[in-house]
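Report on the structure
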Amino acid sequence: SIKAVLSIGLVNAEIDREGLQQNFTFAISQRPKTAFRNISALAPSHFMKFDLNSGRSSVQRYWEIPVGKQDFSMTEKQALEQLEEALLQSVEYRLQADVEVGTFMSGGIDSTLISAMAGKLQKGIKAFTLGSDYPDYNEIEEAKANANKNGLEHITSIVKAESVLDYLDAIVDGFEEPYHHLPVNFLISQLVH
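Since the model is a prediction, treat every value here as computed from it, not as a measurement. (Residues numbered from 1 in each chain as written. Predicted model: local features only at pLDDT ≥ 70, side-chain atom pairs only at ≥ 80, totals over all residues. Heavy atoms only, no water.)

Details of the sheet that holds strand β3 (residues 102-104)
In space, the three strands of this open sheet follow the order β3-β4-β5, with parallel pairing throughout. Edge strands, defined here as strands with exactly one partner in the open sheet, are β3 and β5 (153-159). The sheet shows a mean angle of 25° between the axes of neighbouring strands, taken without regard to direction. Taken strand by strand, helix α5 (residues 140-150) contacts β4 (126-132) and β5, and its axis lies near 170° from that of β5. (Pairing = 2+ DSSP bridges. Helix = DSSP H or I, 4+ residues; strand = E, 2+ residues; numbered from the N terminus. Axes fitted to C-alpha atoms, helices over the stretch in contact; angles between N-to-C directions. Contact = heavy atoms within 4.5 Å.)

Structure below.
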């Protein structure tokens, strides 16, 4: 966490202008860059290992997209079946927990697909949807149709744009860098809580 790094006092909280510009352009700084000078994040699909005895660290990649290794002999039907199986396995893995699990579901393709698969694997799973008091940004009707079709327990809440301001300090403190989705994630997490 950036706050933890800054609390040690070895690095000052200074803006990295390139990281901040990337943040505003791409919605997040392109990793390993952050919006802070002299603070880096792990690149996607990497982990860091610390040796407590020597004080040394190493960064290793644990996954890479297999570019140039496509199986062109596969039919479209086989590819779709393989993709569906991989998605179902991924969703099933994330449903394993000691506590109740639910989904965040907008009316968009990604969360709708994941929620529908979760509903197949776990009957009556809860799907949480935030609506907006701005009609152009409200996907509750689309989400409700998916919930009804897939037997999901649908829980919704309408958020007024002004209410985001009430949580602004907690939102900024929680993510540590500007992030375009954070208010929505924060508010839907409040609903789930």
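That was the structure; now back to the text.
Let's talk about a nonpolar patch on the surface
Together, L42, M48, F50, L52 and V59 make up an exposed nonpolar region whose accessible area comes to about 540 Å². Considering the arrangement of structural elements, one finds M48 in strand β1 (residues 46-50). Overall, M48 belongs to the partly exposed group, its relative accessible area being 36%. (Patch = residues over 30% accessible without salt bridge, like charges linked within 9 Å, V, L, I, M, F, W, Y side chains within 5 Å. Areas by Shrake-Rupley, 256 points an atom, 1.4 Å probe, with all protein chains shown as cover. Salt bridge = Lys/Arg side-chain N within 4 Å of Asp/Glu carboxyl O. Buried < 20%, exposed > 50% of the residue type's maximum accessible area, 1.4 Å probe, protein only.)

Quick look at the pairing of β4
Among the seven residues in β4, six count as buried, and that is most of the element. In this structure, β3 lies alongside β4, joined through three bridges in parallel fashion. Opposite T103, over in β4, you have A127 as the bridge partner. A crossover connection joins β3 to the parallel β4 through helix α4 (residues 109-121); in handedness this β-α-β unit is right-handed. In terms of strand pairing, β4 meets β5 through seven bridges, oriented parallel. Note on β5: the bridge partner recorded for T129 is T156. (Right-handed = clockwise from strand over helix to strand, strands pointing away.)

Looking at the side chain of D16
By secondary structure assignment, the location of D16 is in the loop between α1 (2-8) and α2 (17-26). A distance of 3.0 Å separates a polar side-chain atom of D16 from the backbone nitrogen of E18. One polar contact links D16 to K33, side chain to side chain, over a distance of 3.2 Å. With residues near it in sequence (within four places) discarded, D16 still touches K33, T34, A35, F36 and R37. (Polar contact = N/O pair within 3.5 Å; in protein donor to acceptor, adjacent residues only side chain to side chain.)

Some remarks on the nonpolar core
Counting eleven residues, the largest nonpolar core is built from V91, L95, V101, M105, M117, A118, I125, A127, A143, A147 and L152. Put simply, the parts of the chain that give this core at least two residues each are α3 (76-95), α4 and α5. Ignoring anything within four residues of it in the chain, the contact list for V91 reads I114, M117, A118 and L121. Membership of the second largest hydrophobic core comes to eight residues, among which are V159, F186, L187 and I188. (Core = buried A, V, L, I, M, F, W, Y, C linked by side-chain atoms within 4.5 Å.)

Here's the deal with unusual backbone geometry
At the junction of R31 and P32, the peptide bond is cis and its omega measures out at 20° in the coordinates. With respect to the helices, strands and loops of the structure, P32 is situated in the loop between α2 and β1. Unusually for a residue other than glycine, A27 sits at a positive phi of about 80°. Examined against the element boundaries, A27 turns out to sit in the loop between α2 and β1. One non-glycine residue, N38, adopts positive backbone phi at about 65°. Considering the arrangement of structural elements, one finds N38 in the loop between α2 and β1.

Observations regarding the packing of aromatic side chains
Applying the stated criterion across every chain yields a total of one aromatic pair. Plain terms: the ring middles of Y167 and F186 are 5.3 Å apart, the flat faces sit at 55° to each other, and that makes the pair tilted. Within this pair, whereas Y167 is found in the loop between α6 (163-166) and α7 (168-175), its partner F186 is found in helix α8 (residues 182-192), the two being separated by 19 residues in sequence. Relative accessible area serves as the criterion here: at 32%, Y167 is assigned to the partly exposed category. (Phe/Tyr/Trp six-rings, centres within 6.5 Å; stacked < 30°, edge-to-face > 60°.)

Quick notes on the pattern of salt bridges
In total, this model carries eight salt bridges according to the counting rule given. Salt-bridge contacts for E81 lead to K77; the nearest nitrogen and oxygen are separated by 3.8 Å. One end of the pair, E81, and the other, K77, are both in helix α3, four residues apart, so they sit about a helical turn from each other. With its nearest N and O atoms 3.6 Å apart, the salt bridge here joins K144 to E141. Taken together, the residues span about one helical turn, with K144 and E141 both in helix α5 at a distance of three residues. Judged by its relative accessible area of 35%, K144 is partly exposed. Through salt bridges with shared partners, a single network forms among D16, E18 and K33.

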